[in-house]
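Descriptive structure summary
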Amino acid sequence: MSKQIVTSSISAPGFAGLNLQDAPTSLEAGFALEANNCIIDKFGRIGARKGWTTYLPANTDLSTAAVKTIAQMLSPTTNNNQLFAAGNNKLFLSTGSALTQKLVRNSGDTANATYTINDSHWQVASLPDVTNARARAIITQADHKALYFSYSSVTSSYVFKILADVATLPVNPIAHTSSTFTPNCALAAYGRIWVADIAGDRQTVYFSDLTDPLNFQTGTAGSLNISEVVGDGDPIVALASHNGFLIIFCQNRVVVYSSAQDPSALALADIVNGIGCVSRDSVQNTGTDVVFLSATGVRSFTRTIQEKSMPMRDISKNVRDELLESLTNTSDLKTIKSGYSSIEAAYVLSFSEDDIAYCFDMRGALPDGSARTTTWTTITPTAFCTTANREFLIGKAGYIGLYGGHSDNGSSYRMVYYSSYFDFQQPTLSKILKKVEMLVLGAQNQDITMKWDFDFKKAYQSATITVDPTSIAEYGIGQYNIDNYSGTIIIFNLNLNAGGTGKVLQLGFETDIDDNAVSIQKIDCFVKSGKTL
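First, a word on scope: everything that follows refers to the structure included in this document. Just so you know, these numbers come straight off a predicted model, no measurement behind them.

**Regarding the side chain of Asp361**
- Structurally, the position occupied by Asp361 is in strand 29 (residues 356-361).
- Exposure remark for Asp361: the relative accessible area of 4% places this residue in the buried category.
- Side chain to side chain, Asp361 and Arg363 meet in a polar contact 2.6 Å long.
- Side-chain polar atoms of Asp361 contact the side chain of Arg372, separated by 2.5 Å.
- In this structure Asp361 touches Ile40, Glu344, Ala345, Ala371 and Arg372, once residues within four positions along its chain are discounted.

See below:
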């Protein structure tokens with residue numbers, strides 16, 4: 001007697017992202033065991049990440065060096081915003097159509113200053129000049145004198161100057177000089193500039209007078225010495241602001257002060273011990289939270305504060321071991337960079353030394369509090385910046401790149417998705433695979449390779465199908481949430497006969513992305529029941 005065909009459907013493949021921590025024998029169908037060069041889109045589908053194009057042409061002074069810093073200096077009017085980049089131990093400004101190298105100038109802007117740059121991992125704190133409707137910023141980097149960026153009426157251009165040449169420096173608790181005032185981190189928040197992590201003075205936060213980034217001595221300027229509450233010398237790594245709080249990230253703890261809008265009312269609100277920040281440039285404000293990299297994974301500030309008395313969780317829980325291996329493989333923590341794309345609702349953490357980036361979907365948390373995660377390779381940004389008009393810029397070798405399109409500056413990249421193993425709710429029965437159907441969005445004139453494996457053997461069988469545009473069906477757009485796809489290419493129902501026998505099945509999907517968006521809507525598997533094992 002012929003046995004009945006059994007069907008199993010995955011309606012949103014990979015919607016839960018990667019899970020490389022839990023035993024593959026117990027994973028739900030929504031998890032993926034591989035999701036490289038993928039994102040989770042706003043409809044919960046797994047699809048190809050976007051690529052990048054050159055945002056500005058190559059620059060001979062930058063040459064092929066990596067862009068390590070990108071920032072937008074904001075002005076009260078968006079047409080005066082200034083785009084800054086750093087690489088090859090040089091400073092650059094965008095003219096709108098190109099990058100131009102800028103040298104540090106003396107206090108009167110009459111000649112170049114004597115200033116040596118030994119690296120390009122700057123942090124930019126932008127505090128607009130409202131009176132003159134110009135951009136203005138403080139720029140800091142470890143072991144470098146802080147710089148001041150502003151518009152000069154002498155040369156009618158934006159210039160960089162040594163901050164100590166034009167500002168009054170702090171005198172308490174340490175009277176700093178031009179040679180000693182070398183903060184590594186800077187923050188613009190609550191109408192003033194905050195700086196910290198100075199060599200020999202790593203537990204003090206200094207803040208400027210209100211709206212005056214050149215005054216660190218008088219008015220409401222001052223300092224905050226956390227050694228009074230952190231007694232073991234734990235150094236400051238990064239600063240952030242959120243909902244009226246000043247957040248001070250140390251290596252081994254997070255110190256939080258309330259009422260940061262009024263420094264005279266600053267009060268210790270919380271100390272979270274045992275969790276700190278290992279990378280200044282991993283800190284990102286998403287609008288509703290602050291995300292950072294700790295020694296044990298990527299953490300959420302809000303969750304960390306809420307759960308300080310509970311067993312700690314992290315949003316990178318499902319890729320924890322792999323992420324920490326990337327951290328271990330990174331010899332220079334300054335090369336760890338992060339960015340937040342408000343359009344994609346994605347926090348991207350890049351380990352350029354390990355040639356991998358982790359993309360965390362921040363639209364909502366999984367039941368355990370972690371974020372849906374995918375990985376990116378071949379793109380590996382060396383810097384990030386989200387502009388005022390929501391462009392997501394990335395640092396590349398010799399270029400500022402713009403995240404978008406579906407090729408990596410003209411080159412294809414490989415999208416790879418592998419499901420978890422599933423048993424068709426019949427764990428003791430062997431199954432004979434007969435057919436696989438996959439509903440794919442956006443593919444056009446490209447080869448798609450499907451693979452399958454039984455019982456964790458990693459002995460994949462495969463078949464490759466070339467998507468034929470003439471055979472693609474246009475389904476109701478609202479039915480499949482595909483209004484973001486344009487043109488005549490909408491859905492392809494990939495259908496192939498398959499074979500093999502086992503108790504649990506894994507499916508894989510691989511394709512080269514070259515100018516076409518691709519995402520997976522649904523997978524149907526058809527099997528015939530075999531013997532009870």
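**Points about the pairing of strand 29**
- Counting buried residues along strand 29, 6 of its 6 residues qualify, which places the element largely inside the surrounding structure.
- Across the two faces of strand 29 the burial is the same, with Ile356, Tyr358 and Phe360 and Ala357, Cys359 and Asp361 all buried.
- Strand direction decides the pairing type here: strand 28 (residues 346-351) and strand 29, joined by 6 bridges, are antiparallel. Residue pairing for strand 29: Tyr347 is matched across the bridge by Phe360.
- Linking strand 28 back to strand 29 in an antiparallel pair, the connection comprises 4 residues, with Asp355 at a positive phi of about 55 degrees.

**A few points about the sheet that holds strand 9 (residues 90-94)**
- With antiparallel pairing, 4 strands are arranged side by side in an open sheet as 7-8-9-10. Of all strands in the sheet, those bounded by a partner on one side alone are strand 7 (67-73) and strand 10 (99-102). Averaged over all pairs of adjacent strands, the angle between strand axes in this sheet comes to 30 degrees, irrespective of strand direction.
- Two elements, strand 7 and strand 8 (residues 82-87), share 6 bridges in a ladder whose sense is antiparallel. Bridge pairing in strand 8 places Ile70 opposite Ala85.

**Some thoughts on the sheet that holds strand 6 (residues 52-54)**
- Strand order in this open sheet of 4 strands is 6-33-32-31, and the pairing throughout is antiparallel. The open sheet has two free edges, formed respectively by strand 6 and strand 31 (384-386), since each of these has just one partner strand. When strand polarity is set aside, the average angle formed by the axes of neighbouring strands in this sheet is 30 degrees.
- Here strand 6 pairs with strand 33 (residues 399-403) via 3 bridges, running antiparallel. Pairing of Trp52 across the sheet is with Tyr403, part of strand 33.

**Quick notes on helix 3 (residues 320-328)**
- Of the positions making up helix 3, those classed as buried are Leu323, Leu324, Ser326 and Leu327. Buried residues in helix 3, looked at end-on, bunch into an arc of 150 degrees, giving them a common side.
- For helix 3, the secondary structure elements touched by its buried residues are strand 25 (290-294), strand 26 (297-300), strand 27 (336-341), strand 28 and strand 29.

So, how was this worked out
- Residues numbered from 1 in each chain as written.
- Predicted model: local features only at pLDDT ≥ 70, side-chain atom pairs only at ≥ 80, totals over all residues.
- Heavy atoms only, no water.
- Helix = DSSP H or I, 4+ residues; strand = E, 2+ residues; numbered from the N terminus.
- Buried < 20%, exposed > 50% of the residue type's maximum accessible area, 1.4 Å probe, protein only.
- Polar contact = N/O pair within 3.5 Å; in protein donor to acceptor, adjacent residues only side chain to side chain.
- Contact = heavy atoms within 4.5 Å.
- Pairing = 2+ DSSP bridges.
- Axes fitted to C-alpha atoms, helices over the stretch in contact; angles between N-to-C directions.
- Arc of directions from axis to C-beta.

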